[in-house]
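Each chain, written out:
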Amino acid sequence: MPSLDPSSAALELAAGLRRRELSAVELLDACLAAVDASNPQLNAVIWRNDDDARAAAVEADKRLAAGDDAPFLGVPLPIKDLTPVAGWPVSYGSRGGPDGVSEQSELVVDALARAGFVLCGRTNTPEFGVITVAENLRYGISRNPWDTNRSPGGSSGGAGAAVAGGMFPIAHANDGGGSIRIPASYCGLVGFKPSRGRVPRLAQSWLGAVVEGVVSRTVADTAAVLDAIAGPDPLAWYNAPAPSRPFAQETDTPPCRLRIGLMAQAPLGLPTDDACVAGAREVAATLEELGHSVAEVEVPTFSEEMVPPFIVLTVGGLADYEGVDWSAVEPHIAHQHRHSGELGAYDYVLAARTLELISRREVARWGRDFDVLVTPTSAVLPPLAGTILEAQHGAPDQPVLDVIRSVAFTAFGNVSGLPAVSLPLHWSEEGLPVGVQLVAGPWQEAGLIALSSQLEQARPWAERRAPAPVAAS
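Residues numbered from 1 in each chain as written. Predicted model: local features only at pLDDT ≥ 70, side-chain atom pairs only at ≥ 80, totals over all residues. Heavy atoms only, no water.

Draft legend 1. Up close: the overall build of the chain. From N to C terminus, the chain includes 15 helices and 13 strands. Taking 2.2 N^0.38 as the reference for a compact globule, 473 residues should give roughly 23 Å; the C-alpha atoms of the chain span a radius of gyration of 20 Å, in line with that estimate. Taken along its principal axes, the extent of the C-alpha atoms in the chain is 55 × 55 × 50 Å. Counting all 473 residues of the chain, 60% fall into the buried class. Here the contacts in the chain between residues at least 6 apart in sequence split such that 78% fall between residues at least 24 apart. Here the chain displays about 17,700 Å² of accessible surface, and carbon together with sulfur accounts for 52% of that area. Taken together, the 34 basic and 55 acidic charged side chains of the chain have centroids lying 3 Å from each other. (Helix = DSSP H or I, 4+ residues; strand = E, 2+ residues; numbered from the N terminus. Rg over C-alpha atoms; globule rule 2.2 N^0.38 Å. Buried < 20%, exposed > 50% of the residue type's maximum accessible area, 1.4 Å probe, protein only. Contact = heavy atoms within 4.5 Å. Areas by Shrake-Rupley, 256 points an atom, 1.4 Å probe, with all protein chains shown as cover. Lys, Arg positive; Asp, Glu negative; His and termini not counted. Charge placed at Lys NZ, Arg CZ, Asp CG, Glu CD.)

Draft legend 2. Here's a closer look at empty space enclosed by the protein. Under the criterion given, the structure shown has 4 cavities of 30 Å³ or more. Around the largest cavity sit F192, P194, E212, G213, V214, T222, V225, L226 and I229, which together line it. Those elements that place two or more of their residues in the lining of the largest cavity are β8 (211-216) and α7 (219-229). A volume near 40 Å³ is recorded for the second largest cavity. Lining the second largest cavity we find G188, L189, R217, W427, W461, A462 and R464. Per-class residue counts for the lining of the second largest cavity are 4 nonpolar, 1 polar and 2 charged. (1 Å grid on protein atoms, 1.4 Å probe; cavity = no way out; pocket = protein on both sides within 12 Å on 5 of 7 lines; lining within 4 Å. Points joined across faces, edges and corners; volume = space filled by probe spheres on them. Nonpolar A, V, L, I, M, F, W, Y, C, P; charged D, E, K, R; others polar.)

Draft legend 3. Just the pairing of strand β2 (residues 76-80), in detail. The buried fraction of β2 amounts to 5 of the 5 residues, a majority that puts the element mostly inside the structure. Here 4 bridges tie β2 to strand β3 (residues 118-123), and the two strands are oriented parallel to one another. If you follow P76 over to β3, its bridge partner there is V118. Following the chain from β2 across helix α4 (residues 107-114) to the adjacent parallel β3, one finds a crossover that is right-handed. (Pairing = 2+ DSSP bridges. Right-handed = clockwise from strand over helix to strand, strands pointing away.)

Draft legend 4. How the structure looks around helix α3 (residues 50-65). With 16 residues, α3 extends 22 Å from end C-alpha to end C-alpha; this agrees with the ideal 22 Å at 1.5 Å per step. Burial in α3 covers these residues: A53, A57, A60, D61 and L64. Summarising the axial view, the buried residues of α3 lie within an arc of 100°, below the 170-degree limit, and thus occupy one face. The outward face of α3, more than 90 degrees from its buried face, is lined by the exposed residues D51, D52, K62 and A65. The inward-facing, buried residues of α3 contact α1 (10-18), α2 (24-42) and β3. In the stretch just after α3, G67 is the one whose phi turns positive, near 90°. (Expected span 1.5 Å × (residues − 1). Arc of directions from axis to C-beta.)

Draft legend 5. Structural detail: the nonpolar core. Counting residues in each nonpolar core, the largest one holds 73 residues, and the members touching the most others are L112, F117, L423 and L438. A per-element tally of this core places α2 first, with 7 residues. In contact with L112, other than residues within four places in its own chain, are L77, I79, F117, L119, H172, V225 and I229. Core analysis: the next-biggest nonpolar cluster, separate from the first, contains 31 residues, F310, L373, V407 and A411 among them. (Core = buried A, V, L, I, M, F, W, Y, C linked by side-chain atoms within 4.5 Å.)

Draft legend 6. Here's a closer look at the layout of surface pockets. Here the second largest pocket is characterised by a volume of approximately 770 Å³. When contributions to the lining of the second largest pocket are tallied by element, the ones reaching two or more residues are α9 (307-316), α11 (345-363) and α14 (411-416). By residue number, the principal contributor to the lining of the second largest pocket is α11, which donates 7 residues. In terms of residue class, the lining of the second largest pocket is made up of 16 nonpolar, 7 polar and 3 charged.

Draft legend 7. Broad picture of helix α15 (residues 445-458). Between the first and last C-alpha of α15 there are 20 Å, a value that for 14 residues agrees with the 20 Å anticipated at 1.5 Å per step. For α15, the tally of buried residues reaches 10 of 14 residues, placing the bulk of the element in the interior. Turning to α15, its buried residues are E445, L448, I449, A450, L451, S452, S453, Q454, L455 and E456.

Draft legend 8. Seen up close, the pairing of strand β9 (residues 259-262). Taken together, the 4 bridges between β9 and strand β10 (residues 293-296) define a ladder with parallel strand orientation. Looking at β10, one finds that L262 is bridged to E296. Following the backbone out of β9, through helix α8 (residues 274-289) and into the adjacent parallel β10, one traces a crossover that is right-handed. Pairing between β9 and strand β11 (residues 372-376): 3 bridges, direction parallel. The residue of β11 that forms the bridge with L262 is V374.

Draft legend 9. Structural view of the state of the cysteines. Scanning the model with the defined rule gives 0 disulfides in all. No disulfide involves C31; its nearest neighbouring cysteine sulfur is the one of C120, lying 6.5 Å away. Judged by its relative accessible area of 0%, C31 falls in the buried class. (Disulfide = S-S within 2.5 Å.)

Draft legend 10. The sheet that holds β8, seen in detail. Here 8 strands make up an open sheet; going across it, the order is β6-β8-β7-β12-β13-β11-β9-β10 and the pairing mixed. Every interior strand has two partners, whereas the edge strands, β6 (170-175) and β10, have only one. Neighbouring strand axes in the sheet, compared pairwise and without regard to direction, differ in orientation by 25° on average. Contacting β9, β10, β11, β12 (420-427) and β13 (433-440), α8 runs over the sheet at an angle of about 145° to β11. (Axes fitted to C-alpha atoms, helices over the stretch in contact; angles between N-to-C directions.)

Draft legend 11. Examining the packing of α7 against α15 more closely. For the pair α7 and α15, the least separation of the axes is 10 Å and the interaxial angle reads 160°. Relative to α15, the element α7 is oriented roughly antiparallel. As α7 runs across α15, the sense of the crossing is left-handed. Of the residues in α15, those in contact with V219, A223 and L226 of α7 are E445, I449, S452, S453 and E456. Class assignment of the residues belonging to the contact of α7 with α15 gives a composition of 4 nonpolar, 2 polar and 2 charged. (Parallel < 35°, antiparallel > 145°, perpendicular 65-115°, else oblique. Left-handed = near helix turned anticlockwise from the far one by under 90°.)

Here it is in structure tokens:
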């Protein structure tokens, strides 16, 4: 009989629920008890709806008893505080967030509910998700379960801390420049960024650079969720081609021999922490042992050509948020909002065209020069909690170096729309997780899942657990 352990794999818990070895109410209560125990130290969960969640768990138990086979029926899951849920408040991590509750859910929320998840509470995020740590003036600083003096990353940092901290088996996340993969790297989790157009949204954000997903402990959990939330969507402007079979089946399928491109140092001479370099090189060596070929490559994952138009896109992305009191936002967001008023349609169209042409040129390397690119997920280890927000407020019109370093390998995947994953395959000498990123060619989620599963079997990580959180020093 499985234990009521919120840090177990979501599929394992779902199977136990279907066998009636535990109830959805018991599992929810275990998760909420874990939040009570750990959240005071981690500040990962910033809003709860325990009564509604318990009612949903009661309904899940009735459905389970009736033989409902929704894949994650009864498994609790929190939603990031950038994503509307009908009937819930959403603040976007801002003191200027809208009043009242949302009338409509984002499509991924509906898909997660159809998969049977019990939606319960919200996780922390930076204001409007634009920096790479879950820190804001409304809810405060989220902390990393592996070292509470450090950040769990962002923008899905609350989600990462909630899963790594043992509160939930899995958590909703989204990614516009690395916001699934960076917290996965810092928290020792799996963070998968799907292709552009793979997971439907009501409207594309940042020209489809923003994608939906989860942070989890296993590749199998991530693949099964992708099956549950992926399109195609006949009402969407953009759709990725449908897979030939469920993504979950790829976890049992060894990949063919692949050409691996290794890039262990960040572009533009950005400093890359030694542990991040070591992690990428270690994984490349493992891939060689598994029969793949590896060659060093250089890819402009972050370039002087790409950055200015991408900033235009992100600044324009403030238009995604309705009902905001812009007089109450943080200094760096106030600067971006002023800047957005100075941009015209010409600037936005030119930025979009520039990024599309850059992407066309660089994505041609996949399939020509290599099949999969291996890099560190981040060029920097988890920063000290609070330092990024302080630095950003100190110079609201300037980028923070460690933010740039954290997206030096990840942002390209959003611009290009390529699928990418961060896997917890390395730990620093201090015991901090160090994610390694794998980036596949256009719409090649299936092969990326198969390769990730092969690495998971060769170098298992799921049993590693963060220590019980203690108050930061």
